[in-house]
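Chain by chain, the residues:
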Amino acid sequence: MDSWIIYGIGFLAQILFSSRLIIQWLTSEKKKQVTTPTLFWSLSLIASFLLFIYGYLRNDFAIMFGQALTYFIYIRNLQLQNQWQRLPKLVQLFLFFVPILIVIFYYNNNVIDVELLFKNEAIPFWLLTLGIVSQIVFTLRFVYQWIYSERRKESALPLGFWVLSLVGSILILTYAVFREDPVLFVGHILGTVIYIRNLVLLNKSK
């Protein structure tokens, strides 16, 4: 596949990720407190799907790993906001099962290309480790947010979410520089600024 198509998918995913943050930021600024509109989770779900595909096309396990962990948390938050239930059943089934089918059926010569993902010559082992650690930290924010929301029985973005977002984003920016990945770099520059702003808003609200 042409590289411009691959990068196009990646940049589209990052545009959607950035859009969700901008919408969340503007909504929070308007209300003078950190809030989570439904559109935040809808855009997250679509962007995560696209970025997973981008990671596969780039043979980048770190990207795929991060998106696989958060995808279903996005769905759960839509459920907590009673928005998932409003989607047609066919759409629900498509969004739920397609990522699973991609993992199972994306293969090379009828063999799942696990070796290619872990032994990509363009990504030395230390860099792959940094990428995976970065994605784990970045993903933990949603695990934390999910547990927090389940306890409150409503979708919310607590302080810990933004702290983990900032730390994870800085680590991913570092990975992007060494990986020479413009998609990750551009996507996380804006996010880092918004994470800092949300931390400021939370501090003021206290």
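The numbers attached to residues start from 1 for each chain and follow its sequence in the written order. Where local features are concerned, this predicted model is filtered to residues with pLDDT of at least 70; where side-chain atom pairs are given and counted, the filter is 80 or more; whole-chain, interface and lining totals use all residues. To obtain the side-chain values, all non-hydrogen atoms of the structure were used and water was disregarded.

Digging into the packing of helix α1 (residues 3–31) against helix α2 (residues 38–57)
Think of each axis as a best-fit line through the C-alpha atoms, taken over the contacting stretch in the case of a helix, with angles from 0 to 180 degrees between the N-to-C directions. Here a strand is any run of E in DSSP of at least two residues, a helix any run of H or I of at least four, and the numbering for each starts at the N terminus. In the contact formed by α1 and α2, the axes pass within 8 Å of each other and the chain directions differ by 160°. Taken together, the axes of α1 and α2 lie roughly antiparallel to each other. For the pair α1 and α2, the crossing hand works out as left-handed. In terms of residue class, the contact of α1 with α2 is made up of 19 nonpolar, six polar and one charged. What sets the label is the angle itself: under 35 degrees gives roughly parallel, over 145 gives roughly antiparallel, 65 to 115 gives roughly perpendicular, and the rest give oblique. The handedness criterion is simple: a crossing whose near helix is rotated anticlockwise from the far helix by less than a right angle is left-handed, and one whose near helix is rotated clockwise is right-handed. Residues are sorted three ways: Asp, Glu, Lys and Arg are charged, Ala, Val, Leu, Ile, Met, Phe, Trp, Tyr, Cys and Pro are nonpolar, and all the rest, Gly among them, are polar.

A look at the nonpolar core
Think of a nonpolar core as a cluster: buried Ala, Val, Leu, Ile, Met, Phe, Trp, Tyr and Cys residues, connected wherever their side-chain atoms sit within 4.5 Å. The buried label applies to any residue whose accessible area, calculated with a 1.4 Å probe on protein chains only, is under 20% of its type's maximum; exposed applies above 50%, and partly exposed to all values in between. Core analysis: the biggest nonpolar cluster contains 43 residues, and Trp41, Leu45, Leu51, Phe142, Leu157 and Trp162 have the highest contact counts within it. For this core, the elements supplying multiple residues, two or more each, are α1, α2, α3 (61–80), α6 (125–152), α7 (159–179) and α8 (182–205). Among the elements that take part in this core, α2 stands out by supplying eight residues, more than any other. In contact with tryptophan 41, other than residues within four places in its own chain, are Thr36, Tyr74, Asn77, Leu78, Gln81, Phe142, Gln145, Ser155 and Leu157. Counting six residues, the second-largest nonpolar core is a separate cluster that includes Ile53, Tyr56, Met64 and Ile102. For this analysis, residues touch if any pair of their heavy atoms sits within 4.5 Å.

Observations concerning the packing of α7 against α8
Where α7 meets α8, the axes come as close as 9 Å, and the angle between the chain directions of the two elements is 155°. Looking at the two axes, α7 sits roughly antiparallel to α8. α7 and α8 meet at a crossing whose hand is left-handed. Here Leu159, Trp162, Val163, Ser165, Leu166, Ser169, Ile172, Leu173, Tyr175, Ala176 and Val177 of α7 lie close against α8, whose contacting residues are Leu184, Phe185, His188, Ile189, Thr192, Tyr195, Ile196, Asn198, Leu199 and Leu202. A per-class count over the contact of α7 with α8 returns 16 nonpolar, five polar and no charged.

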